[in-house]
Amino acid sequence: MADAARPVGAPACGGPSFPVPTMPAPPVAVVGLGQLGGSLAAALAAAGRPVSGWDVDPAARDAAAARGVRITRELAGVVVLAVPLPAMAAALDGLAVDPDATVTDLGSVKVPVLASVGATLGRRFVGGHPMCGTERSGHGATDPALFSGARWALCLETDTELPRWLRVAEVALAVGAEVVPVTAAEHDDAVAAISHVPHLVAAALAAGAAEAGPLALALAAGSFRGGTRVAGSDPGFVTAMVEGNAGPTAAALDRVRDQLARPWPELVAAGHAVVTAASGRRTVRVPLERAALLALGRAGGAVHRRLAAFVEGWVPGSG
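Residues numbered from 1 in each chain as written. Predicted model: local features only at pLDDT ≥ 70, side-chain atom pairs only at ≥ 80, totals over all residues. Heavy atoms only, no water.

**Student:** I tried to follow the overall build of the protein on my own but got confused; where do I start?
**Tutor:** Looking only at helices and strands, one finds 11 helices and 14 strands in the protein. Taking 319 residues into account, the globule formula puts the C-alpha radius of gyration at 20 Å, and the protein, at 21 Å, falls close to it. Burial status across the protein gives 43% buried among its 319 residues. Intrachain contacts of the protein at a sequence separation of at least 6 include 65% that bridge at least 24 residues. Taken as a whole, the protein presents about 15,600 Å² of accessible surface, with 61% of it coming from carbon and sulfur. (Helix = DSSP H or I, 4+ residues; strand = E, 2+ residues; numbered from the N terminus. Rg over C-alpha atoms; globule rule 2.2 N^0.38 Å. Buried < 20%, exposed > 50% of the residue type's maximum accessible area, 1.4 Å probe, protein only. Contact = heavy atoms within 4.5 Å. Areas by Shrake-Rupley, 256 points an atom, 1.4 Å probe, with all protein chains shown as cover.)

This is the structure in structure tokens:
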């Protein structure tokens, strides 16, 4: 029987004290107001969530302020680092950060960020990566609806404080994303296959078509545009991403090469089977415990709602 004397969501004894869903949500501060950071800040402001932000670019600051974001160097609550990977370690330099703030990031690679930012901030840091960027960049690409329906990977390491993880998860849920619990290493292996290698393949397709000559490019239609869309991304951003995750990306690229070596009818059939497979969802409730949350992510599921002592989510399957 539940202990009626303790608050909903609090541990019976000795465990972490989880924030109760009905408690006031902490403010959010976004460092870097380009496409991802600007979109996040705009979405939170539109939802009525207290949000502040900072960017070294005055134009980005002005654009965010026009969307209801308070511009300040003083950061508290949940602090989100939305800056390029090479700038991540120094993103908080010169800013006043509340010593109890929870810090997260939106970087596309997690192990190197955990080794740099995480080593400095310790248990205050929770690594994250929303899977929703486009080939556009900068504050002009801001879209408050960018996160709606997106998967948001959120790292649960052995020393991650679950109450802080939950506060970051609540930010993701507030803008319409679904949270996928992962470890940093699992994340980097997964995104190498579904994000980093596709950028390299897109670049190879574009360069190969150019070698075929002007006629080939003039005839290029839907399949070529779809296959090369991300080749229009900022080259510096893509280079930092793939080089920052070099080991998993090389392994994932080897798997693609192995697939290309298969008989073509067999390869075509295998790929078609993957992308046309029937997919259903089964709703599950998961306790606020690291192993259970990671099992949800490893099963291909995600969290879509915060309850008291549980989260509600789904895993692939019927029901």
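Alright, that's what it looks like, and here's the rest.
**Student:** Just checking my understanding: could you explain the packing of aromatic side chains for this structure?
**Tutor:** Geometrically, a pair of aromatic rings is defined through the distance of the ring centres and the angle of the planes. Inspection of the entire model under this criterion finds 1 aromatic pair. Over the ring of Trp 54 we find Arg 61; its NZ or CZ atom is 4.5 Å from the centre of that ring. Over the aromatic face of Trp 314 sits the side chain of Arg 281, whose NZ or CZ is 3.8 Å from the ring centroid. (Phe/Tyr/Trp six-rings, centres within 6.5 Å; stacked < 30°, edge-to-face > 60°. Lys NZ or Arg CZ within 6 Å of the ring centre and 35° of its normal.)

**Student:** I would appreciate a short explanation of the pairing of strand S5 (residues 78-81) in the present structure.
**Tutor:** Looking along a regular strand, one sees side chains alternate from face to face of the sheet. Of the two faces of S5, the one lined by Val 78 and Val 80 and the one lined by Val 79 and Leu 81 are each fully buried. As paired strands, strand S1 (residues 28-31) and S5 are joined by 4 bridges and run parallel to one another. By the bridge assignment, Val 30 is partnered in S5 with Val 80. (Pairing = 2+ DSSP bridges.)

**Student:** Can you walk me through the pairing of strand S11 (residues 178-182) in this structure?
**Tutor:** Burial analysis of S11 places 5 of its 5 residues in the buried class, which makes it a mostly covered element. Every second residue of S11 is oriented toward a common face, with Glu 178, Val 180 and Val 182 on one face and Val 179 and Pro 181 on the other, all of them buried. By the bridge criterion, 5 bridges tie strand S10 (residues 151-155) to S11 in an arrangement that is parallel. Bridge pairing in S11 links Arg 151 to Glu 178. Running through helix H4 (residues 162-174), the crossover from S10 to the neighbouring parallel element S11 is right-handed. (Right-handed = clockwise from strand over helix to strand, strands pointing away.)

**Student:** Before we go on, may I ask you to explain the nonpolar core in this structure?
**Tutor:** Side chains of nonpolar character tend, in soluble globular proteins, to be buried together. One finds Val 30, Leu 40, Trp 152, Leu 154, Trp 165 and Val 179 to be the most contacted residues of the largest nonpolar core, which totals 44 residues. For this core, the element with the most residues is H4, which contributes 8 residues. Here Val 179 is in contact with Trp 152, Leu 154, Trp 165, Ala 169, Ala 172, Leu 173, Ala 302 and Val 303, once residues within four sequence places are set aside. Counting residues in each nonpolar core, the second largest holds 17 residues, with Val 31, Trp 54, Val 79 and Val 113 among its members. (Core = buried A, V, L, I, M, F, W, Y, C linked by side-chain atoms within 4.5 Å.)

**Student:** Can you walk me through the packing of helix H5 (residues 184-212) against helix H8 (residues 235-244) in this structure?
**Tutor:** Think of two packed helices as two axes; the pair is described by the angle between the axes and how far apart they sit. Packing of H5 against H8 leaves a shortest axis separation of 10 Å and a crossing angle of 125°. In terms of axis orientation, H5 runs oblique to H8. Pair H5 / H8 crosses with left-handed handedness. In this structure, H5 contributes Ser 195, His 196, His 199 and Leu 200 to the contact, and H8 contributes Val 238, Met 241 and Val 242. Residues belonging to the contact of H5 with H8 are distributed by class as follows: 4 nonpolar, 3 polar and no charged. (Axes fitted to C-alpha atoms, helices over the stretch in contact; angles between N-to-C directions. Parallel < 35°, antiparallel > 145°, perpendicular 65-115°, else oblique. Left-handed = near helix turned anticlockwise from the far one by under 90°. Nonpolar A, V, L, I, M, F, W, Y, C, P; charged D, E, K, R; others polar.)

**Student:** Just checking my understanding: could you explain the pattern of salt bridges for this structure?
**Tutor:** Side-chain pairing between opposite charges can occur once the charged atoms of the two side chains come close. By the definition in use, this model includes 12 salt bridges. A salt bridge links Glu 178 to Arg 281, with the nearest nitrogen and oxygen atoms 3.3 Å apart. Note that Glu 178 is positioned in strand S11 and Arg 281 in strand S12 (residues 281-287), a separation of 103 residues in sequence. Relative accessible area serves as the criterion here: at 11%, Glu 178 is assigned to the buried category. Judged by relative accessible area, Arg 281 falls into the partly exposed class, the value being 41%. Residue Asp 254 pairs with Arg 257 through a salt bridge whose shortest N-O separation is 2.9 Å. Of this pair, Asp 254 and Arg 257 are both found in helix H9 (residues 246-260), 3 residues apart, which corresponds to roughly one turn of the helix. (Salt bridge = Lys/Arg side-chain N within 4 Å of Asp/Glu carboxyl O.)

**Student:** So what exactly am I meant to see when it comes to the layout of surface pockets here?
**Tutor:** Rolled over the atoms, a probe sized like a water molecule indicates the empty space that remains. The computed volume of the second largest pocket comes to approximately 470 Å³. What lines the second largest pocket is a set of 15 residues, among which Val 256, Gln 259, Leu 260, Leu 267 and Gly 271 lie closest to the centre. Of all the secondary structure elements, the ones that give two or more residues to the lining of the second largest pocket are H5, H9 and helix H10 (264-276). Ranked by the residues each element gives to the lining of the second largest pocket, the list is headed by H10, at 6 residues. Residue classes in the lining of the second largest pocket are distributed as 11 nonpolar, 3 polar and 1 charged. (1 Å grid on protein atoms, 1.4 Å probe; cavity = no way out; pocket = protein on both sides within 12 Å on 5 of 7 lines; lining within 4 Å. Points joined across faces, edges and corners; volume = space filled by probe spheres on them.)

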